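Working through the structure, step by step
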Amino acid sequence: MKPRPSFPAKLPPAGDRSAATLSPKPVQASPRPPAGQVAHNAQPSAVPGPGRLAAVSAMPMSSGLGLDSSAVRARMVAKLAEQGVQDPWVLQAMGQVERHRFVESALVGQAYEDTSLPIGLGQTISKPNVVARMIELLRQDAPGKLGRVLEIGTGCGYQAAVLSCVASEVYSIERLRGLHEKAKKNLLPFRLPNVHLMLGDGMLGFPKGAPYAGIISAAGGEDVPSVWLEQLAEGARLVAPTVTSSGQQALVVIRKTASGFDRQVLEAVHFVPLKSGIA
Ligand code: SAH
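In this text, all values refer to a predicted model and were calculated from it rather than measured experimentally.

**Describing the overall build of the protein chain**
Broken down by element type, the protein chain carries six helices and ten strands. The buried share of the protein chain, reckoned over its 279 residues, is 52%. A separation of at least 24 residues holds for 63% of the contacts in the protein chain among residues at least 6 apart in sequence. Just so you have it, the protein chain exposes about 12500 Å², and 56% of that area is on carbon and sulfur atoms.

Quick look at the structure:
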């Protein structure tokens, strides 16, 4: 067993290190490209922005959390490390992304608690521990940044923002138009050029971006759709809440190998259901 690193954990190589906070960028005088959007035909649309993540700098906030939320986020990250999250990329990303930007103003005070929160239309943003755990499982054995990843269930866009720190490209698909629009709005000020939001049925995956270095689902189905497995690159992992033989939902990790698939069933979880079609 690997010893648990003391906190703060070792950071990724300096060249890959991003600014301390992933916060909205200042509005610039120069015109921005229009928000690309693809809805019905499930084409990717980039959240527009010229800058790389590394150029993101902290901005003053008017969130009710005071001028700087980085201390409260650092406490959350310390707790994640205590709970066993070890991947320095994941810890850094969780410390960077301002979770309070993704929740309703009435819930801002709870944004850094280890709790899931409602995001509208009966859906929830997963608790930080679950987001970190799933991304750590997705990244297992990855020496550096992951390549292109697919997220099923954009929701409010929070997990897509975290993924954008640990993967080169993030394709995220959402079936509910209202949440797809909300995520676009939430992510726009961050200007993450490597995040692509699609409105579509994630049960079909997104073949145009395949093969993926990882697939992560934020909604749980009766089984893992076989197209997801087809769209995985060899050696890549899929992490998804799935109903197991016991009838309970559990985290399932499937790794594609040269000869087939390795499947692991992990802890019980409670995710919103994976549904088909667009609404
Ligand atoms: N990662 C999200 C969590 C959203 S909750 C976040 O950070 O906020 C899960 C989401 O999965 C919900 O928004 C739900 O509408 C969506 N979902 C369920 N079935 C889906 C499907 N077949 N395709 C795309 N999205 C789906």
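Read on for the rest.
**Quick look at the environment of His180**
Structurally, His180 is set in helix α5 (residues 177–187). Once the C-alpha coordinates of His180 and Leu197 are considered, the two residues, 17 residues apart in sequence, prove to be 7.4 Å apart.

**A word on the pairing of strand β2 (residues 117–120)**
Across three bridges, β2 lies against strand β3 (residues 123–125) in antiparallel orientation. Paired with Gly120 across the two strands is Gln123, which belongs to β3. Hairpin geometry of β2 and β3 is characterised by an intervening segment of two residues between the two adjacent antiparallel strands and by a positive phi of about 55° at Leu121.

**Considering the pattern of salt bridges**
In this structure the tally under the stated criterion is six salt bridges. Between Asp87 and Arg139 there is a salt bridge; the shortest N-O distance is 2.6 Å. With Asp87 in the loop between α1 (70–82) and α2 (88–96) and Arg139 in helix α3 (residues 128–139), this pair connects stretches of sequence that are 52 residues apart. The class of Asp87 is buried, set by a relative accessible area of 11%. A residue is classified by how much of its surface remains accessible, and Arg139, at 2% relative accessible area, is buried. In this structure, Glu98 and Arg101 form a salt bridge, with 2.8 Å as the shortest nitrogen-oxygen distance. Of the residues examined, Glu98 reaches a relative accessible area of 2% and is grouped as buried.

**Thoughts on the nonpolar core**
Residues Met94, Val97, Phe102, Ile135, Tyr158, Leu163 and Leu187 are the most contacted members of the largest nonpolar core, which totals 54 residues. Filtering out sequence-adjacent residues up to four positions away, Ile135 remains in contact with Val90, Gln159, Val162, Leu163, Val166 and Ile216.

**As for the side chain of Asp201**
Structurally, Asp201 is set in the loop between β6 (195–199) and β7 (212–217). Buried and unpaired, Asp201 has no salt bridge, with Arg175 as the nearest side chain of opposite charge at 5.8 Å. At 2.8 Å, the side chain of Asp201 forms a polar contact with the backbone nitrogen of Met203.

**Considerations on the pairing of strand β10 (residues 261–268)**
The pairing of strand β9 (residues 249–256) with β10 spans six bridges and is antiparallel. Bridge pairing links Lys256 to Phe261 in β10.

**So, α3**
For α3, spanning twelve residues, the distance from its first C-alpha to its last is 16 Å, which sits close to the expected 16 Å at 1.5 Å a residue. Most of α3 is tucked away, with eleven of its twelve residues classed as buried. Pro128, Asn129, Val130, Val131, Ala132, Met134, Ile135, Glu136, Leu137, Leu138 and Arg139 are the residues of α3 that are buried. Positive phi appears at Asp141, one or two residues downstream of α3, with a value of about 70°.

**Details of the site of the ligand**
With respect to spatial proximity, 27 residues lie near the ligand, and among them Thr124, Glu174, Asp201, Gly202 and Lys275 are the closest. Within the side chain of Glu174, a nitrogen or oxygen atom sits 2.6 Å from an oxygen atom of the ligand. Gly202 places a main-chain nitrogen or oxygen 2.7 Å from a nitrogen atom of the ligand. For the ligand, whose free accessible area comes to 580 Å², the fraction covered by protein is 99%.

**Things to note about the packing of α2 against helix α4 (residues 158–166)**
When two helices pack together, you describe them by how their axes are tilted relative to each other and by the distance separating the axes. Relative orientation of the contacting elements α2 and α4 amounts to 130°, with a least axis distance of 9 Å. Accordingly, the angle class assigned to the pair α2 and α4 is oblique. Here α2 and α4 pass one another in a crossing that is right-handed. In contact with Trp89, Val90, Ala93, Met94 and Gln96 of α2, α4 contributes Tyr158, Val162, Cys165 and Val166. Considering only residue class, the contact of α2 with α4 consists of eight nonpolar, one polar and no charged.

**As for the packing of aromatic side chains**
Under the definition given, this model contains four aromatic pairs. Grouping aromatic residues by their ring pairs yields a cluster made of Phe102, Tyr158 and Phe190. The ring of Tyr158 carries the charged tip of Arg99 above its face, separated from the ring centre by 5.5 Å.

Each value, and the rule that gives it
- Residues numbered from 1 in each chain as written.
- Predicted model: local features only at pLDDT ≥ 70, side-chain atom pairs only at ≥ 80, totals over all residues.
- Heavy atoms only, no water.
- Helix = DSSP H or I, 4+ residues; strand = E, 2+ residues; numbered from the N terminus.
- Buried < 20%, exposed > 50% of the residue type's maximum accessible area, 1.4 Å probe, protein only.
- Contact = heavy atoms within 4.5 Å.
- Areas by Shrake-Rupley, 256 points an atom, 1.4 Å probe, with all protein chains shown as cover.
- Pairing = 2+ DSSP bridges.
- Salt bridge = Lys/Arg side-chain N within 4 Å of Asp/Glu carboxyl O.
- Core = buried A, V, L, I, M, F, W, Y, C linked by side-chain atoms within 4.5 Å.
- Lys, Arg positive; Asp, Glu negative; His and termini not counted.
- Polar contact = N/O pair within 3.5 Å; in protein donor to acceptor, adjacent residues only side chain to side chain.
- Expected span 1.5 Å × (residues − 1).
- Near = heavy atom within 4 Å.
- Axes fitted to C-alpha atoms, helices over the stretch in contact; angles between N-to-C directions.
- Parallel < 35°, antiparallel > 145°, perpendicular 65-115°, else oblique.
- Left-handed = near helix turned anticlockwise from the far one by under 90°.
- Nonpolar A, V, L, I, M, F, W, Y, C, P; charged D, E, K, R; others polar.
- Phe/Tyr/Trp six-rings, centres within 6.5 Å; stacked < 30°, edge-to-face > 60°.
- Lys NZ or Arg CZ within 6 Å of the ring centre and 35° of its normal.

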